[in-house]
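Commentary on secondary and tertiary structure
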Amino acid sequence: MYHLIVFLPLLGAALAGLMGTRLGKQFLPEKPSMIITTGLLFVAAILSWVSLIQVGLGHKELEVTVLRWMDVGGLQANWAFKIDTLTAVMLVVVNSVSSLVHLYSWGYMEDDEYKPRFFAYLSLFTFAMLMLVTSDNFIQLFFGWEGVGLASYLLIGYYYKKPSANAAAIKAFVTNRVGDVGLALGVMTIFLVFGSVEFDTVFAAIGDNSARILPFLGMEINAMELIAMLLFIGAMGKSAQFILHVWLPDAMEGPTPVSALIHAATMVTAGVFLVCRAHPIYDAAPITAGFITAIGAFTAFFAATVALVQNDIKRVIAYSTCSQLGYMFFAAGVGAYNAAMFHLFTHAFFKALLFLCAGSVIHALHHEQDMRRMGGIRKKVPWTYIAMIIGTLAITGIGIPGTSIGFAGFFSKDAIIEAAYTGSGESNAAAFAFWVGLIAALMTSFYSWRLIFMTFHGKFRGDHHTLDHAHESPWVMRLPLVLLSIGAVFAGAVFYSRFMGNAGDFWHGALPVSAGEHHAAIAPETLHAMAQVPAADAHHSEPTPGGLFGWLYANVHGYPFWVLLLPLVMSITGFVIAWFMYMRGSVEEKINHIQETGGGVLYNFLLNKWYIDELYNVTVVKLVKFLGDKFWKVGDEKIIDGYGPNGVAKFASGAAKRLSKIQTGYLYHYAFIMLLGVAVLIVVAFRGVGG
Amino acid sequence: MFEGYPILSFITFAPLVVGVLLMVISKISKPEAQEQLAKNSVLVALLVSGVVFFLSIILVLDFDTTQAGFQFVEDTPWLGGGIEYRMGVDGISILFILLTAFLTPLCIFASQTSIKDRVLEYMVAFLILESLVIGVFCALDLVLFYLFFEAVLIPMFIIIGVWGGKNRVYASYKFFLYTLFGSVLMLAAIIYIYNFSAQQFGAPTTDMRVLINDLDIPGGVQTWLWLAFFASFAVKMPMWPVHTWLPDAHVEAPTAGSVILAGILLKLGGYGFLRFSLPLFPNASLQLAPIIYWLSVIAIIYTSLVAYRQKDMKKLIAYSSVAHMGFVTLGIFAFNLQGIQGGIFQMLSHGVVSGALFFLVGVVYDRMHTREIAFYGGLVSKMPVYAAFFLLFTMANVGLPGTSGFVGEILSMVGAYQVSPWIAFGAAFGMILSAVYALYLYREIIFGESVNEKLEDIADMTKREWIILTPLAVLTILLGVYPSLITDITGASVENLIANFNAATSQVALAEVP
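Residues numbered from 1 in each chain as written. Chains lettered and ligands numbered in written order. Predicted model: local features only at pLDDT ≥ 70, side-chain atom pairs only at ≥ 80, totals over all residues. Heavy atoms only, no water.

1. What to know about the overall build of chain A
Across its full length, chain A holds 29 helices and eight strands. Looking at chain A as a whole, 60% of its 691 residues qualify as buried. Considering only contacts within chain A whose residues lie at least 6 apart along the sequence, 77% involve residues at least 24 apart. Surface exposure of chain A reaches about 25,300 Å², of which carbon and sulfur atoms provide 67%. (Helix = DSSP H or I, 4+ residues; strand = E, 2+ residues; numbered from the N terminus. Buried < 20%, exposed > 50% of the residue type's maximum accessible area, 1.4 Å probe, protein only. Contact = heavy atoms within 4.5 Å. Areas by Shrake-Rupley, 256 points an atom, 1.4 Å probe, with all protein chains shown as cover.)

Laid out in structure tokens, this is it:
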């Protein structure tokens, strides 16, 4: 079965890519290529759900070896699948979203000339992603890791005639490579320390090596910390964490289904998956874990601030993704890997939904992406409008605290914030993450609702021609929206207790389940009852004042109630601010005001993404070009050639004359004389010496 | 299968003999017949190199991979005085023979249309070149090796000098000057070894089997001899800073010349290090390895940066070759299994990948007669097949997992990492930079709007080009997915090499401790 899950997408990619495109003869016309790739993906998706049930509930973990790969000395890595719950969850995420995106692309890419190529790329991506998540060793993981990078490169640059798309594709690949170098060095360090790159062997030997000190670049570092840090650098690149995040917003140059699949739901979460997969290492590396918490929290904050002011509908969602990935990382950093995976799982549904909705809007408005030229189209695209509202309710985490009623994001984001709260007693990074996470939640709500209001409400601000032609998308695009909406509504409530370990042994050792209970398990309790509960729980030592606000400190499943309540308060506050700014106020006026005044320092700082791209341009990019030129013109041509061969030529008088002889056809003679001379020399020399 | 037959001599000399015959027949025949002969010479050359390729496949299949020593050995008297005609192959050399035999027919096939004048001489030059290169890898006698090793330059020199571009004289002169410098020093070292063997064994010998296993050169002398060999191999590699001949040679060479140059001639240096420097001068190798490390890391970073700024397609690929060879030297001088296996793998893989890249440059050069990057753009619209092949080999050049480029790179870095993280760290920068220059090249010529009117009618790949590039593409992926094809064959010999190396170096360490 797992062979099918992983290789069906590859088969689809090969068929569509080799037979369907214009490589040589086109054996497969467009439609069959699309049917084959999409059909195979749906089969794989259904099998993935089967596998989740088998593994998550029935605990049928498996190891499947497909083919020998590298086998040099102790360095052994096979093409193999390791199936546990962690993998099964990823299989479901990847194949579900991918199959829906395939279907959606039937509509979205309708006018494209090269559909088989597009579908081949999508399937190829899916295959690489599946290799990544099923890997049983670090090298195959690296294969998948770079494979998705390649597919991402190809899909970002899909509109290859656009210079900006090409630039974005290269930027994505190269930035990811920076991270990949970290990952590669991490894998090498693992091999050096453990003598193996296979997960099981490595994780089993962590106890024996946790105190080892390694020299690295002139420093003496604990081996586990070093490995953890290097692997995390890889994760930072792939998952667009701060300082390596620059490629993700630009990646929006790709077609929107691609953004939904690769740059929201699956590929960018590979970093989170890596940290979860390697969690035994991170458990042994507290310093790095703190670093991850801090970076994750900072990214959550940073990306949210940038999203506040962006005008491109896709860029808003892109920064939102970046920010949500930050949440996942700080959850992983504080050791709540299951919360991180849970958010990854729910996020895949609602973020893919948001992107596909944005795609539907863009499709309706003839590739208009600037929200300043949208507005008031909710009547034109009712399905999209409702789906996007659902997605927004999910990402902003709307639900009733203390109960199991809420949208998907409500459960997962709260689980993360609670995990950070739990950790804040021990680490400053976690405390930082907790508060930053709350502030980012406010901003998330603001920019998400701002997007809705600017796009669907108010008056249309583009030209009327576009509005007249605006239309709801065909059913192939609406069906994925509906299915993902279902996911965005129920994925949290249904899976909460399993992911968080409250019901059944879902993970079965694939991930540790953090101790302590979590809220909203199964039995909802009334607020009144909670207020009655005396806070006798010694788990948290908050003072519990009585009186009017005593219920805020009442303990609900191990957390003071205010911790459960605050994310919701933040979310609603964000909504209210957005409401006042964009529903009560006039969007036109705001746009004009900004155009007249320039928007102020802070606005521009955010609009220009903290000027990080500019910073890289004047430092790294310039330096590379400068060094390249200098090494070439000065190093090679002036110094090496100047003092080397050319210098010799000048020195040897008459060289020029001899050279001209070569030119006039004496070359053969010259060469054969040389050979003869060498032969004679050797014979004479050896005879003389030896004889 | 070949017991009793001098199979190695046959595959070594068959092309040479046929080449010389062709030349002679052409000289004595009438002018009209000469023209016909020139046409047919391509077929003859294809046939001969095809037979050699076929035989070398059988040779590899017949090769016993469990044995570390030399196989198919031939040993006949030659010059006397310990200098005899000795041939044989082991796991390290046999695959280079296969690579040579594989690339040569492709080169000849590719040249059939692109070479217009002096076709017969061109074919003869290629056949002779094939003979000499195979000879280098077969030779088991130091003097025989040296003869082949130096003689290889001559046909290459001629190919560049006669069928090259505008600046061919400068390029071939530079090529010649660099390599001459190395050769002279190596010759001196060989003569010294010859004398020394007489002292140690009572009678002089240049039998490499004896020298490798039993020669015991004192420490100080080892250093000098190592440096002398190094001078020659470093130029051939080429290592920084003696690499500047390569870009010029590539730019001027005809397509097939570039393929052979990058695909095979660059491997002679690495092979030399493995065959001589490590076994004959183990202690010097160990002591002087830091030089190699630093030169390699510099080469990887420096030439990658230079590659990024190139305006000529061939120059860009040539500089990238230097960077890739940096990984080879790093791997070899890591002295461990992963490193050396990685170095060998990287050489073979680079032979296929860079060979293919030069073929690809040749495809558009044949159509437009320029290699200027700025001239091209948006080729994917006109040449989708070309773009697809180009993408595959670009990714292999970048070292994407799943292609052969990755295996060599990661193995040699794993090897180097065990010696020092610093080195692996430096080399890892090459991973980033290779993406920078390779994708830059790809974007400039394949993607974008087609801006040049001259490119309006450019045709996609012909049947011939398909036939040439398909096997290379298959091999690139096959080796990336199943690298054991190579590592199983080289395994035993490399393990043996390392075992001997460790024994020799630890002996000294023991001797130093009183």
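2. A look at the overall build of chain B
When helices and strands are tallied, chain B shows 20 helices and two strands. Scaling as 2.2 N^0.38, a compact globule of 514 residues should have a C-alpha radius of gyration of about 24 Å, and chain B matches this with 22 Å. Principal-axis analysis of the C-alpha atoms places the extent of chain B at approximately 80 × 60 × 40 Å. For chain B, the accessible surface area stands at approximately 16,100 Å², while carbon and sulfur atoms represent 65% of it. Within chain B, the 33 negative side-chain charges are centred at a point lying 11 Å from the centre of the 24 positive side-chain charges. (Rg over C-alpha atoms; globule rule 2.2 N^0.38 Å. Lys, Arg positive; Asp, Glu negative; His and termini not counted. Charge placed at Lys NZ, Arg CZ, Asp CG, Glu CD.)

3. Structural notes on the interface of chain A and chain B
Listed as interface residues are 72 residues of chain A and, on the opposing side, 90 residues of chain B. A buried area of about 7,500 Å², summed over both sides, lies between chain A and chain B, and 77% of it is on carbon and sulfur atoms. Of the charged contacts in the structure, one is a salt bridge between Arg309(B) and Asp629(A), with a shortest N-O distance of 3.0 Å. At the boundary of chain A and chain B, one finds ten residue pairs in polar contact (both at pLDDT 80 or more). Broken down by secondary-structure element, the contributors of at least two residues to the side of chain A that touches chain B are β1 (62-72), β2 (75-83), α5 (138-156), α6 (163-194), β3 (213-216), α27 (612-643), α28 (645-651) and α29 (655-690) of chain A. With 16 residues, α29(A) is the single largest residue contributor to the side of chain A that touches chain B. (Buried area = accessible area lost by both parts, 1.4 Å probe. Salt bridge = Lys/Arg side-chain N within 4 Å of Asp/Glu carboxyl O. Polar contact = N/O pair within 3.5 Å; in protein donor to acceptor, adjacent residues only side chain to side chain.)

4. Considering the confidence of the model for chain A
Across chain A, pLDDT averages 80, with 85% of residues at or above 70. Confidence drops under pLDDT 50 across residues 515-544 of chain A; counting only partners more than four residues distant or on other chains, this segment forms 44 contacts. (pLDDT = per-residue confidence, 0-100.)

5. Some thoughts on the packing of aromatic side chains
Counted according to the given criterion, the structure contains 72 aromatic pairs over all chains. On the numbers, 5.8 Å between centres and 0° between planes, the contact of Phe199(A) with Phe203(A) is stacked. Taken together, the residues Phe199(A) and Phe203(A), both in helix α7 (residues 199-204) and four residues apart, mark about one turn of the helix. A residue is classified by how much of its surface remains accessible, and Phe199(A), at 1% relative accessible area, is buried. When the centroid spacing of 5.2 Å and the interplanar angle of 20° are considered together, the rings of Phe96(B) and Phe137(B) count as stacked. In this pair, Phe96(B) is assigned in helix α3 (residues 91-114) and Phe137(B) in helix α4 (residues 119-138), connecting sequence segments 41 residues apart. When sorted by exposure, Phe96(B) lands in the same class as Phe137(B), which is buried. Each member of the aromatic cluster is reached from another via a ring pair, and the members are Phe145(B), Phe149(B), Trp226(B), Phe229(B), Phe230(B), Phe233(B), Phe273(B), Phe276(B), Phe281(B), Phe333(B), Phe335(B) and Phe501(B). Above the ring of Trp383(A), the side-chain terminus of Arg478(A) is found at 5.0 Å from the ring centroid. (Phe/Tyr/Trp six-rings, centres within 6.5 Å; stacked < 30°, edge-to-face > 60°. Lys NZ or Arg CZ within 6 Å of the ring centre and 35° of its normal.)

6. Here's the deal with the packing of helix α15 (residues 313-333) of chain A against helix α18 (residues 408-423) of chain A
All names here are of chain A. It is the contact of α15 with α18, at a shortest axis distance of 9 Å, that shows an interaxial angle of 45°. With respect to α18, the element α15 is oriented oblique. α15 and α18 meet at a crossing whose hand is left-handed. Residues Gln324, Tyr327, Met328, Phe330 and Ala331 of α15 form the contact with α18, whose participating residues are Lys413, Ile416, Ile417 and Ala420. (Axes fitted to C-alpha atoms, helices over the stretch in contact; angles between N-to-C directions. Parallel < 35°, antiparallel > 145°, perpendicular 65-115°, else oblique. Left-handed = near helix turned anticlockwise from the far one by under 90°.)

7. Regarding the pairing of β1(A)
Residue and element names in this part refer to chain A. With nine bridges connecting them, β1 and β2 associate as antiparallel partners. Looking at the pairing, valine 72 lines up with leucine 75 of β2. Hairpin geometry of β1 and β2 is characterised by an intervening segment of two residues between the two adjacent antiparallel strands and by a positive phi of about 60° at glycine 73. (Pairing = 2+ DSSP bridges.)

8. A look at the side chain of Arg86(B)
All names here are of chain B. Here arginine 86 shows up in strand β2 (residues 83-89). Arginine 86 gets classed as buried once you look at its relative accessible area, which sits at 7%. Among the polar contacts made by the side chain of arginine 86, one reaches the side chain of aspartate 207 at a distance of 3.2 Å. When neighbours within four sequence positions are excluded, arginine 86 is seen to be in contact with Glu74, Asp75, Cys138, Ala139, Leu140, Asp141, Leu144, Thr205, Thr206, Asp207 and Arg209.

9. Comments concerning the nonpolar core
Within soluble globular proteins, side chains that are nonpolar generally end up buried alongside one another. Residue and element names in this part refer to chain A. Core analysis: the largest hydrophobic core is formed by 449 residues, its most contacted members being Phe138 and Tyr153. Residue contributions to this core peak at 20 residues, all from helix α16 (residues 337-364). In this structure, phenylalanine 138 is in contact with Val187, Ile190, Val197, Phe199, Val202, Phe203, Leu231, Leu274 and Ile281, ignoring residues within four places of it in sequence. (Core = buried A, V, L, I, M, F, W, Y, C linked by side-chain atoms within 4.5 Å.)

10. Examining a nonpolar patch on the surface
All names here are of chain A. Taken together, Trp383, Trp475, Leu479, Val482, Leu483, Ile486, Phe490 and Val494 make up a surface patch of nonpolar side chains, about 780 Å² in accessible area. Looking at the nonpolar patch element by element, the count peaks at seven residues for helix α21 (residues 475-499). If you trace the backbone, valine 482 turns up in helix α21. The exposure class of valine 482 is partly exposed, given its relative accessible area of 31%. (Patch = residues over 30% accessible without salt bridge, like charges linked within 9 Å, V, L, I, M, F, W, Y side chains within 5 Å.)

11. So, the pattern of salt bridges
All names here are of chain B. Applying the stated rule across the entire model yields 21 salt bridges over all chains. Here aspartate 207 ties to arginine 209 by a salt bridge, and the two come within 3.2 Å at their closest N and O atoms. On the accessibility criterion, aspartate 207 (8% relative accessible area) is buried. A salt bridge links glutamate 465 to arginine 367; the shortest N-O distance between them is 3.0 Å. A residue pair is termed long-range when its members are at least 10 positions apart, and glutamate 465 in helix α19 (residues 463-481) and arginine 367 in helix α14 (residues 337-368) qualify at 98 residues. Through salt bridges that share partners, Asp75, Arg86, Asp141, Asp207 and Arg209 make up one connected network.

12. Some words on the confidence of the model for chain B
When the pLDDT values of chain B are averaged, the result is 86; 98% of them are 70 or greater. Predicted complex metrics record ipTM = 0.87 and pTM = 0.87.

13. A closer look at helix α4 (residues 115-134) of chain A
With 20 residues, α4(A) ought to run about 28 Å at 1.5 Å a step, and its terminal C-alpha atoms sit 29 Å apart, in line with that. With 19 of 20 residues buried, α4(A) is to be regarded as a mostly interior element. (Expected span 1.5 Å × (residues − 1).)

14. What about unusual backbone geometry?
Among all residues except glycine, the phi angle is most often negative; among peptide bonds, the trans geometry is most common. All names here are of chain B. Of the consecutive residues methionine 237 and proline 238, the connecting peptide bond is found in the cis state with omega at -10°. Take proline 238: it is sitting in the loop between α9 (219-236) and α10 (245-252). The linkage connecting tryptophan 240 with the following residue, proline 241, adopts the cis geometry, with an omega of 0°. Along the polypeptide, proline 241 turns up in the loop between α9 and α10.

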